[in-house]
Structures are given as C-alpha cells and as structure tokens.
Amino acid sequence: MSRINCIADNVKLGENVRLSTFINLYGCEIGDDTKIGAFVEVQKNAKVGRSCKISSHTFICEGVTIEDHVFIGHGVMFTNDTYPRATSADGRLQTEADWKVERIVVKRGASIGTGATILPNTCIGENAIVGAGSVVTKDVPANAIVAGNPAKVLRYLEPSETFSAVNSNV
C-alpha cells in the first residue's frame, strides 16, 4: 500500500516522528517522538510538542500550541475563530485578511478525549483531562478532570495521578 500524505516543505518535523497515512501537514512544527494518526490535519503556525500522540481524524488549526507529552483522542476539533463568517459585510468571501487567529494552548501532560471540541482563547492546564465529547469553552485548570457541554470540573487529580508523578524521570 502506498503512503498518501501531504507534507509541505515548510513543516518542521522532529526526530523519530511517526506519521500514519492520509495526513495533511503544512507550516507547522511537530516535536521529537510524536505519533500522528491517519486523517489528521495540522495547519500552519500550529505547534505540537515532543512525545505526543495525536489520534486519527483530529483537526489542529492555526494558532494551537500543544506542549510535550500530550494525548489527543480521535476526532478532536480545535477551532480558532469565535464568530466565523463566510462573507464580509460587503458580501465578498472572507480571506485571511478578514480575521484574526485566536489562540489555544494545551499544557504539558494533558489528555483530551475522543470527539472533544476546543473553542478559541482557551488553555488546557498541565495534566488536565478533558472527557470524551466535551466542549471546552473556557480555561481548564491544571490537574482538573472536566467533562460535558460546556465542560465543567468534575474533580482534581491527586498528586500521585499527575503526569509529573507518574513520569518523574521524563
């Protein structure tokens, strides 16, 4: 089977990056030892840290920064525009010049469950866990477990449950 990927010349791939088939990468950075599943798109000016796992059918748009040791489940959608529109006030199709990229940061050791949607201008804290199908509309505190639509804090991880405790030698 041939590998069908679209990887632009301006992509910065770290060492030992594992890429599945049918991916689209352009203008982004992918850190060392990261694995990217099938049918993933990572847009320009997005950054994925080292030792991350990005599962299939995930969309990482411009303006997203994913730090090291982050897990992204299947079909996670990041959005970078709070009020998207197809046309401008004068009726012409919008271009990049008509909008401003809104940022999203996913901190070290966080996990995002399958089918979650992450809205712009949010930060998912270190070691936080976002439940499957959740819609993140505001910042998620470090070490929090959140779920729902909108995502709400269910509880906080005990120190022994955090990425730092489990992987103290990383």
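Just above, that's the structure.
Since we're looking at a predicted model, the values are computed, not measured.

Thresholds applied
- Residues numbered from 1 in each chain as written.
- Predicted model: local features only at pLDDT ≥ 70, side-chain atom pairs only at ≥ 80, totals over all residues.
- Heavy atoms only, no water.
- Pairing = 2+ DSSP bridges.
- Helix = DSSP H or I, 4+ residues; strand = E, 2+ residues; numbered from the N terminus.
- Core = buried A, V, L, I, M, F, W, Y, C linked by side-chain atoms within 4.5 Å.
- Buried < 20%, exposed > 50% of the residue type's maximum accessible area, 1.4 Å probe, protein only.
- Contact = heavy atoms within 4.5 Å.
- Phe/Tyr/Trp six-rings, centres within 6.5 Å; stacked < 30°, edge-to-face > 60°.
- Disulfide = S-S within 2.5 Å.
- Salt bridge = Lys/Arg side-chain N within 4 Å of Asp/Glu carboxyl O.

> Could you clarify how one ought to interpret the sheet that holds strand E9 (residues 53-54) in this entry?
Strand pairing in a sheet takes place through backbone hydrogen bonds and is either antiparallel or parallel in direction. In spatial order, the strands read E3-E6-E9-E12-E15-E18-E20-E21; together these eight strands make up an open sheet with mixed pairing. Looking at the sheet topology across the chains shown, the edges are occupied by strand E3 (18-19) and strand E21 (152-156). Pairing of strand E6 (residues 35-36) with E9, which is carried by two bridges, proceeds in the parallel orientation. Residue Ile36 lies in a different strand from E9, and its bridge partner there is Ile54.

> Would you explain the nonpolar core in this entry?
Nonpolar side chains tend to gather and get buried jointly when the protein is soluble and globular. Residues Ile66, Phe78 and Ile112 are the most contacted members of the largest nonpolar core, which totals 36 residues. For this core, the elements supplying multiple residues, two or more each, are strand E11 (64-66), strand E14 (104-106) and strand E20 (144-147). Excluding residues that lie within four positions of it along the chain, Ile112 makes contacts with Phe71, Ile72, Gly73, Val76, Phe78, Val106, Ile118, Ile124 and Val130.

> Mind showing me how you'd approach the packing of aromatic side chains here?
What characterises a pair of aromatic rings is the spacing of the ring centres plus the angle enclosed by the ring planes. For the coordinates displayed, the defined rule picks out one aromatic pair. Note on Phe22 and Phe39: the rings are 5.2 Å apart at their centroids and 5 degrees apart in plane angle, and the pair reads as stacked. Of this pair, Phe22 sits in the loop between E3 and strand E4 (24-25) while Phe39 is found in the loop between E6 and strand E7 (41-42), placing the two residues 17 residues apart along the sequence. By relative accessible area, Phe22 is classed as partly exposed at 33%.

> For this particular structure, what's the right way to read the state of the cysteines?
Joining two cysteines, a disulfide is a covalent bond between their sulfur atoms. One pass over the structure, following the stated rule, counts zero disulfides. In this structure Cys61 is not part of a disulfide, and its nearest cysteine sulfur, from Cys28, lies 12 Å away. Cys123 takes part in no disulfide bond, and the closest cysteine sulfur, belonging to Cys52, lies 14 Å away.

> Help me understand the sheet that holds strand E2 (residues 12-13) in this model?
Read from one edge of the open sheet, six strands run E2-E5-E8-E11-E14-E17, paired in parallel fashion. Either end of the sheet is taken by a strand with one partner, and the two such strands are E2 and strand E17 (122-124). When E2 meets strand E5 (residues 29-30), the two strands line up parallel, connected through two bridges. If you follow Leu13 over to E5, its bridge partner there is Ile30.

> So what exactly am I meant to see when it comes to the pattern of salt bridges here?
Side chains that differ in sign of charge can pair as their charged atoms come close. Applying the stated criterion to the full structure yields five salt bridges. The partner of Arg92 in a salt bridge is Asp98, and the shortest N-O contact between them spans 3.0 Å. In this structure Arg92 comes out as partly exposed when scored by relative accessible area, which is 41%. Residue classification places Asp98 among the partly exposed positions, given a relative accessible area of 28%. The network of salt bridges with common partners includes Asp90, Arg92 and Asp98.

> Help me understand the side chain of Thr122 in this model?
Here Thr122 lies in strand E17. With sequence-adjacent residues up to four places away left out, Thr122 is seen in contact with Arg103, Ile104, Val105, Val136, Thr137, Lys138 and Asp139.

What is shown is where atoms sit, not what they do.
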